[in-house]
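Next come the chains, spelled out residue by residue.
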Amino acid sequence: MKLHGYCIVILCLIQLDIVWCAKILGFFATVSQSHFIVEEPVMRELAKRGHDVTVVTSYKQSGEPLKNYRYIDIPDFINRPEIESFRTSATSGNSIGLAQRYTMMKELSRMSLDLMNHDKFLPLKNETFDLLVLGWFMNDYALGLSGHFKCPSVIISPNVNFYTMRKLAGNPSSISTIPGIMVDYATPMTFFQRLKNIGYYLIEFAFLEGANQVFVAPLYTEAFPPNQYPTYDEVLRNVSLILVSQHFSGRTPEPLLPNVIEVEGMHVKKEPSPLPEDIKAFLDGAAEGVIFFSLGSNARSSDLSEERIAVFVNKFRGLKQRVLWKFETDLPDLPDNVKIGKWLPQDDILAHPNIKLFISHCGKGGITEAKYHGVPILGIPLFADQFVNAEHIAEEGWAKVLPLNDLNPESFSSALAEALNNPSYGNVVKKLSNLNRDRPEHPLDKAAFWIEYVIRHNGAKHMQSPAVHLNVLQFYMVDTISFILAALYVTIKLTKFLFKLILRKVFRRGHEKSKKE
């Protein structure tokens, strides 16, 4: 009977451990669905681990509903005219004007505030949460939610480590070894590359700090009045953890603080999901392999000019391979070897063994999936970081790049033949895939572990660098170096003065002595 009682107690304790959970708010205000595709899997994983998860986003739920997973979609703001104009300009190959860029940046910065003021979000402010997980997209001020709920915060960056992430973590910038986010120098850099890299870092600093002061900081004051909430600087210093979409196998290794965690590929499934039957049959039946073509979640193939669409269709018509193409409208007179879909499960498709080539805009998420699955790329970059991404994977040796403005029947035919028939691209990406996969744990498990670590240790302040409490002048030791230089200047001037004074007295005595003699 006594033993039976002990067993009951043990079972109760085990059950308590199983049902232990935290209330987590995930806030993802972005116009780029590709960002959310990278970010959401960790929120679903946390729900599967028993946590009570609430996700606020601009996009309709695509995955199966989960227990403990409350999904609040607010799509009201993702089809603004500025964003639509940006999307169409990307596929036209034309750059947008400075005034339009300014307006678009202003709208993008404000999107988080619009979501927080929405009727669907406002009731959440009356609840309590143990952790805020923020998808970063020019919305640092949304960290004020951690001040509202009096909880720690975690940031997910859908891109590699850059100035803002380093600033929030207190991580040093390794300017001599790590190329700036908008360049792709091979390392180690030459003298002149390091010299230019200083300039790129200064531009990155000026742009992001400028955007922060002009767009972001005023929105914090608007959303979180100073008399009711912590200051903007205080919530910026409250960030416990930053998850960055990079891995040392695919870029120059960077010294990172313990609160900056590399989780590139956390959105790549451990096992691919079953494909829709029509897509599975199309891929399975491709004896000569399949070319997968997608311009991502922002740009649309259907927005390409008729001439450019014709370049693709006419070339595809003569191929022995099949082509699976993300195309958002109907396309008449399709060749028999081409299948289109308005939305396609990219990660699951790239995992299929018959995929021979990925024609891609070179977004960060798609490149990560292609590398993981060992698929070479024909890159057609359109905007933002895609140009640098394309240049980087071309340097690595597993991609052929064709600028959109250079697209014509001859250039596309030549680039496609090179990407399909040169075995070196496939050989290189297979090696990189092995490096990328060779980890002690899946990056999704790694991300979930560190988020839970922050919860278990009440914000894990012991991982935080003292650098976050320093201003720019203190962090780069401008104040101390200035003091040393000033002290050195004073010392030199004082020494010079004393030396002159001594010489004057010595010569005066000598002169007086000679006069007496």
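Everything below is about the structure shown above.
Cut-offs applied
- Each chain has its residues counted from 1, following the order in which its sequence is written.
- Owing to the predicted nature of the model, reporting of local features is limited to residues with pLDDT of at least 70; listing and counting of side-chain atom pairs is limited to 80 or more, with chain, interface and lining totals taken over all residues.
- Only hydrogens and water are removed before side-chain values are computed, so all heavy atoms of the structure are retained for them.
- Secondary structure counts use DSSP, requiring at least four H or I residues in a row for a helix and at least two E residues in a row for a strand, with both numbered from the N terminus.
- Any residue under 20% of the maximum accessible area for its type is buried, any over 50% is exposed, and the rest in between are partly exposed; the area is computed with a 1.4 Å probe on protein chains only.
- Throughout, a residue-residue contact means that at least one pair of heavy atoms, one from each residue, lies within 4.5 Å.
- In this description, accessible areas are obtained by the Shrake-Rupley approach with a 1.4 Å probe, and a residue is regarded as covered only by the protein chains that are shown.
- By the counting scheme adopted, Arg and Lys are positive, Glu and Asp are negative, and His together with the chain ends is not counted.
- In this description, the location of a charge corresponds to atom NZ of lysine, CZ of arginine, CG of aspartate or CD of glutamate.
- A side-chain nitrogen of Lys or Arg and a carboxyl oxygen of Asp or Glu constitute a salt bridge if their distance falls within 4 Å.
- Only Phe, Tyr and Trp rings are paired, with Trp represented by its six-membered ring, and only when their centres lie within 6.5 Å; those with planes under 30 degrees apart are stacked, over 60 edge-to-face, the remainder tilted.
- Two conditions define a charge located above a ring, namely a distance within 6 Å from the ring centre to NZ of Lys or CZ of Arg, and an angle within 35 degrees of the ring normal.
- Two strands make a pair as long as DSSP finds a minimum of two bridges between them.
- All axes are obtained by fitting lines to C-alpha atoms, using only the stretch in contact for helices, and the reported angles, taken between N-to-C directions, cover 0 to 180 degrees.
- Residues belong to one nonpolar core when they are buried, are Ala, Val, Leu, Ile, Met, Phe, Trp, Tyr or Cys, and are joined through side-chain atoms within 4.5 Å.

1. What to know about the overall build of the chain
Secondary structure summary: the chain contains 18 helices and 13 strands in total. Taking the principal axes of its C-alpha atoms as reference, the chain extends roughly 120 × 80 × 50 Å. Within the chain, the proportion of its 517 residues that are buried is 50%. Look at the contacts in the chain between residues 6 or more apart in sequence, and 66% of them connect residues 24 or more apart. Counting every atom, the chain has about 25700 Å² of accessible surface; 60% of that belongs to carbon and sulfur. Each charge class in the chain was averaged separately, 55 positive and 54 negative side chains, and the resulting centres sit 11 Å apart.

2. Considerations on the pattern of salt bridges
A full pass over the atoms with the stated rule returns 20 salt bridges. The shortest N-O distance in the salt bridge between E254 and R166 comes to 3.0 Å. You can see E254 sitting in the loop between β6 (239-244) and β7 (260-262) and its partner R166 sitting in helix α6 (residues 163-169), a full 88 residues away along the chain. For E254, a relative accessible area of 10% corresponds to the buried category. Judged by its relative accessible area of 4%, R166 is buried. Notably, a salt bridge pairs K339 with D278, separated by 3.2 Å at the nearest N-O pair. Of this pair, K339 sits in strand β10 (residues 338-341) while D278 sits in helix α9 (residues 277-284); the two residues are 61 residues apart in sequence, bridging distant segments of the chain. Overall, K339 belongs to the partly exposed group, its relative accessible area being 22%. Here D278 falls in the partly exposed class, since its relative accessible area comes to 44%. One salt-bridge network, held together by shared partners, links E45, R49, K270, D445 and E452.

3. Notes on the packing of aromatic side chains
This model, assessed by the stated rule, comprises 27 aromatic pairs. An angle of 10 degrees between the planes, with centres 5.3 Å apart, marks the rings of F292 and F358 as stacked. Taken together, the positions of F292 in strand β8 (residues 290-294) and F358 in strand β11 (residues 355-360) put the pair 66 residues apart, joining distant regions of the chain. A centroid spacing of 6.2 Å and a plane angle of 40 degrees characterise the contact between F449 and Y453, whose relative ring orientation is tilted. Here F449 pairs with Y453, and both are found in helix α16 (residues 443-456), just 4 residues apart, close to one helical turn. Accessibility expressed as a relative area gives 34% for F449, which makes it partly exposed. One aromatic cluster in this structure is built from F293, F312, F316, W325, F327 and F412. In this structure, R322 is placed above the aromatic ring of F282, and the distance from its NZ or CZ to the ring centre is 5.1 Å.

4. Re the sheet that holds β10
Strands sit in the order β10-β9-β8-β11-β12-β13 across an open sheet of 6 strands; the sheet is parallel. The sheet terminates laterally at β10 and β13 (399-401), the two strands that pair on one side only. Across the sheet, the mean angle separating the axes of adjacent strands is 15 degrees when strand polarity is ignored. Where β11 and strand β12 (residues 377-379) come together, 3 bridges link them in parallel fashion. By the bridge assignment, I359 is partnered in β12 with L378.

5. Thoughts on the nonpolar core
Counting 84 residues, the largest nonpolar core has I24, F27, M43, V56, M116, L243 and I451 as its most contacted members. At 8 residues, the largest contribution of residues to this core is made by helix α7 (residues 191-223). Ignoring any residue separated from it by four or fewer positions in sequence, one finds L243 in contact with V154, I155, I156, S157, I261, V263, A447 and I451. Counting 29 residues, the second largest nonpolar core, distinct from the first, contains F312, F316, F412 and A419.

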